Amino acid sequence: MRLFLYYLTLLGSSFVISTYGPHHRAQMTGDILLGGLFPIHFGVASKDQDLAARPESTQCVRFNFRGFRWLQAMVFAIDEINNSSILLPNITLGYRIFDTCNTVSKALEATLSFVAQNKIDSLNLDEFCNCTDHIPSTIAVVGPAGSTVSTAVANLLGLFYIPQISYASSSRLLSNKNQYKSFMRTIPTDEHQATAMADIIEYFQWNWVIAVASDDDYGRPGIEKFEKEIEERDICIHLNELISQYFEDHEIKALADRIENSSAKVIVVFASAPDVEPLIKEMASRNFTDRIWLASEAWASSSLIAKPEYLDVVAGTIGFALKAGHIAGFREFLQQVHPKKDTHNEFVREFWEETFNCYLEDSPRLQETGKGSTTFRPLCTGEEDITSVETPYLDYTHLRISYNAYLAVYSIAHALHDILTCRPGQGLFANNSCADIKTMEAWQVLKQLRHLNYTNNMGEKMHFDENADLAANYTIINWHRSSEDGSVVFKEIGYYNVHIKRGAKLFIEKSKILWNGHGSEVLYFCPYYVLQVPFSNCSEDCEPGTRKGIIDSMPTCCFECTECSDGEYSNHKDSSVCTKCPNNSWSNGNHTFCFLKEIEFLSWTEPFGIALTIFAVLGVVFTAFVMGVFVRFRNTPIVKATNRELSYVLLFSLICCFSSSLVFIGEPQNWTCRLRQPAFGISFVLCISCILVKTNRVLLVFEAKIPTSLHRKWWGLNLQFLLVFLCTFVQVMICVVWLYNAPPSSYRNHDIDEIIFITCNEGSVMGLGFLIGYTCLLAAICFFFAFKSRKLPENFTEAKFITFSMLIFFIVWISFIPAYFSTYGKFVSAVEVIAILASSFGMLACIFFNKVYIILFKPSRNTIEEVRCSTAAHAFKVAAKATLKHNTSSRRKSGSSGSTPSLTMSFKTNEDSNLDMNRPRVSFGSGTVMLSLSFEESRRSSML
């Protein structure tokens, strides 16, 4: 039964190898076998399978010289290790290398051959057969290149824990160890490359780009990471397109149309060279030269794109390249390639034919060409010189992918060496045991690789991280045209270091960059010609003083420049927001900076303040002058008749009123703010209460029929001063309560543009209202009494002038209320000062100027006789009015009627007569009324 199973398995394995294994391979036996997967061709010929007959294997087309060089790097590394007496002594490494043709199907065919051989060895059938030609199991696989191909291969190899080390698969999806258990790589992940691309776009201040990615597991994850990175940097993608080498012509043309019609000038391409080539070819046919290409490492140095015929389109490309390595003796090894020497490598024959455009004898391609082909190639002589031709195979300038393949082989060799030199008790397996290198399995090699730590030929420490990735840096290159032959030259212009902090990872020498879109004359003769950075933004940069404004239905990168509002500024280009100026500053006319606001208050030095001060001082001077006149002529009848003691207090209060207006001028301080309103309020109340007492006293005296002792008692000086004190005390208490609960304070008003007004915050509007309201209440009462006593003769119609003064007071302060609340800043103080001065001048002029005029300029009227005549006339009018009223009432009661009695009045004022002096006589037809008033000084003073 076991013998039957053996033959069945052997038959199955031969079927797998012959049917699914590629016919072209590089193979060499050894004690330990390594597998290799390389893209020797760029793709496969498209062929419809109608299944009318047995399907044939697809044919690989377009020889890849760089891929063949990568294969040679693996062969060279294995030869070095086999010839080394230090690394794996007495053990020979063999290899089986297949062509993936850059497609998943071809790669899986080769991978199935690796897996099938391992399954045969796992059956342990050596006792049934002594097979001298037995091929050992593939212990590890180097490759493949593309991320999409690696993903498929990793899924299959991971089932059997066969270690796989890729030299060019950078997709970040392959870092998922839960899905790709045995995948490792010597190339950094695209996680860093996508970030580096976004950093470059930000570095050149672009925000409007086109993104193109391969429609596979390399392009899609890479561009997805790129989108996340640029979103954080406020960069927008205008077009986001997928591309493939298998696109139809109309699809490529449609994509080229969209790119040509786009306003974005930067094209970010995250794709492999075979996928990009159809688009570049279409662009070259259109002579489309005004775009900047940003290339991922998969095509940044590809010979498939870096051709002179494409250079007008891709010149100036900025790309990412892996750090170059050095392989001693590799150049000579490449030059020694020959179809007669390398019999173990079947790819050498095709390489030779493609390099020299000839066919070797017995070449299968010669037979295929003879079947109706119009292409003619001569036979190869075998004497061709490989160094005499230009080929990417011999491009030894920068070894990047080749060096990664070289490192992959050495990493496996060092892991095998660790197994070979392992000491029992120090191993990585159960109970610290070691694996036997003769009977080891693939999973044991995978375990050893995960703990690998060695120094490469360049002196760098090599180890795989937790994701089985190698951290590495990128070199940034720029595509130039050679001044010698017009070929592409990759100039290093900077680097990207993934190990340092963000913001310092990127370094670029702008002076070395050559941008596309310029004539070949410039490119030829000035390879380091410094040009302005191309513009690739949706909108023009906003100048300082403006900000970016949103445009409806457009991305955030498209904006309109809006001028900053007053009080805001922006001092750099392309500002997203305008910065609000500090409270003490304001923006200039261009809104590019802020200047300190002008501080304003009712100053002593400004014309308006000077004018108000002059008027206030004049008021004080005039009042003091009046007081001086009253003091000087204190014994004259007019001064005595006006109650000189109250007049002195009244004049003093007016001086206080004028002086209180000066507190409103000057920079407001806390103490001035707390002083000025109480000073004004108390001064005015003192003034008005004096006027009120004077007016009411005269009215009561003259309306009384007979001045009795009661009047004299209650209207003496003491009571008058007491009433003045009580009225003023009420105002004092209002001020005390106000200052205690909500005291006024100095306040800087920043609400006005360009100006800071220093004003007084009154603390409580209600307190100010009570203060002014109480003053107006007293003024209203005073106005009432003054109006009522306007016809009295006292003080030569003083009541009339008091009435006028109170009327002026009301007009002023009623006008003050709306003016106060409608003004701002220093004009608030000015309005109140004007009201104080106007009302003070009104009272001073109405009450005192007439008296001063009589005292100084009409002394003839300042006599006792004048006062007596005025008093007698008033008495006569009162008596006549009373008599007429009495007679009219009597006649109405008796029913009698008569003519109105005639009224005559005669005065006799002869000083020489012996009759009583100053007795006016009034006749009413049938009788005479004698009025006698005494103007003796003592009696008059006591009554007043």
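Residues numbered from 1 in each chain as written. Predicted model: local features only at pLDDT ≥ 70, side-chain atom pairs only at ≥ 80, totals over all residues. Heavy atoms only, no water.

Q: Just to check I follow, could you spell out the overall build of the protein for this structure?
A: When its secondary structure is counted, the protein shows 26 helices and 30 strands. In the protein, which comprises 944 residues, the proportion classed as buried is 49%. With the model as given, the accessible surface of the protein reaches about 46000 Å², and the carbon-plus-sulfur share is 56%. (Helix = DSSP H or I, 4+ residues; strand = E, 2+ residues; numbered from the N terminus. Buried < 20%, exposed > 50% of the residue type's maximum accessible area, 1.4 Å probe, protein only. Areas by Shrake-Rupley, 256 points an atom, 1.4 Å probe, with all protein chains shown as cover.)

Q: Mind showing me how you'd approach the packing of aromatic side chains here?
A: Both the distance between ring centres and the angle between the ring planes are used here to describe each pair of aromatic rings. Applying the stated rule across the entire model yields 33 aromatic pairs. For the pair Y218 and F270, a centre-to-centre distance of 5.3 Å together with 45° between the ring planes defines the contact as tilted. Highlighted residues: Y218 in the loop between β9 (208–214) and α6 (219–232) and F270 in strand β11 (residues 266–270), separated in sequence by 52 residues. With respect to burial, Y218 and F270 carry one shared label: buried. Geometrically, the ring pair formed by W299 and W479 is edge-to-face, given 5.8 Å between the ring centres and 70° between the ring planes. Highlighted residues: W299 in the loop between β12 (292–295) and α9 (311–314) and W479 in strand β16 (residues 474–481), separated in sequence by 180 residues. For the pair W299 and W479, a shared accessibility class is recorded, and that class is buried. (Phe/Tyr/Trp six-rings, centres within 6.5 Å; stacked < 30°, edge-to-face > 60°.)

Q: For this particular structure, what's the right way to read the sheet that holds strand β27 (residues 755–761)?
A: Hydrogen bonds between backbone atoms are what pair the strands of a sheet, whose relative direction is either parallel or antiparallel. If you trace the three strands from one edge of the open sheet to the other, you get β25-β27-β26, paired in mixed fashion. Every other strand in the sheet has two partners, leaving β25 (598–600) and β26 (745–749) as the edge strands with one partner each. Neighbour-to-neighbour, the strand axes of the sheet open up by a mean angle of 25°, direction not taken into account. Where β25 and β27 come together, three bridges link them in parallel fashion. In the sheet register, I599 faces β27, and the bridge partner there is I756. (Pairing = 2+ DSSP bridges. Axes fitted to C-alpha atoms, helices over the stretch in contact; angles between N-to-C directions.)

Q: Is there a simple way to explain unusual backbone geometry in this structure?
A: Most peptide bonds take the trans configuration, and most residues that are not glycine carry a negative phi. Following G143, the chain continues to P144 via a peptide bond in cis, the omega torsion being -5°. Position of P144 relative to the elements: it lies in the loop between β6 (138–142) and α4 (147–159). Phi at N432 takes a positive value of approximately 55°, unusual for a residue other than glycine. Within the element layout of this structure, N432 appears in the loop between α13 (401–420) and α14 (442–450). Residue class for N432 comes out partly exposed when judged on its relative accessible area of 43%.

Q: Hey, could you run me through α6 in this one?
A: Residues spaced three or four apart along an α-helix point in a common direction, a consequence of the helix completing one turn every 3.6 residues. Over its 14 residues, α6 runs 20 Å from end to end, which matches the ideal 20 Å to within 8%, given 1.5 Å per residue. Along α6, the residues that are buried comprise G219, P221, G222, I223, K225, F226, E229 and I230. For α6, the elements touching its buried residues are α5 (190–203), β9, β10 (236–243) and β11. Residue D234 follows α6 closely and has a positive phi angle near 60°. (Expected span 1.5 Å × (residues − 1). Contact = heavy atoms within 4.5 Å.)

Q: Explain the sheet that holds β6 here, please?
A: Ordered in space as β1-β5-β2-β6-β7-β8, the six strands form an open sheet in which the pairing is mixed. Across the chains shown, the open sheet's two edge strands, defined by having one partner strand only, are β1 (25–28) and β8 (183–185). Looking at each pair of strands side by side, their axes are set apart by 20° on average, direction ignored. In terms of strand pairing, strand β2 (residues 32–38) meets β6 through four bridges, oriented parallel. Residue G36 lies in a different strand from β6, and its bridge partner there is V142. Its contacts with the sheet place α14 against β6, β7 (164–166) and β8, and it is angled at close to 45° to β8.

Q: I tried to follow the state of the cysteines on my own but got confused; where do I start?
A: Working definition: the covalent bond between the sulfur atoms of two cysteines is a disulfide. A full pass over the atoms with the stated rule returns nine disulfides. Between C236 and C557 runs a disulfide, and the two sulfur atoms are separated by 2.1 Å. Taking the sign of the S-S torsion, about 90° here, the bridge from C236 to C557 comes out right-handed. Residue C236 is found in strand β10, and its partner C557 is found in the loop between β19 (546–550) and β20 (559–563); the two are separated by 321 residues along the sequence. A single burial state applies to C236 and to C557, both of which are buried. The partner cysteine of C542 in its disulfide is C561, sulfur to sulfur 2.1 Å. The chirality of the disulfide connecting C542 with C561 is left-handed, given an S-S dihedral of about -100°. Taken together, the residues C542 in the loop between α15 (520–525) and β19 and C561 in strand β20 connect sequence positions 19 residues apart. With no disulfide of its own, C687 lies closest to C657 among cysteine sulfurs, the gap being 5.1 Å. (Disulfide = S-S within 2.5 Å.)

Q: What should I look at first to understand the environment of V488 in this one?
A: Assignment of secondary structure puts V488 in strand β17 (residues 488–496). When neighbours within four sequence positions are excluded, V488 is seen to be in contact with A306, K307, L311, W479 and H480.

Q: I tried to follow the environment of I854 on my own but got confused; where do I start?
A: For I854, the position within the fold is in helix α24 (residues 826–857). The exposure class assigned to I854 is buried, which follows from its relative accessible area of 1%. Between the C-alpha atom of I854 and that of I638, which follows or precedes it by 216 residues, the distance is 8.7 Å. Leaving out residues up to four positions away in the same chain, I854 has contacts with I638, P859, R861 and N862.

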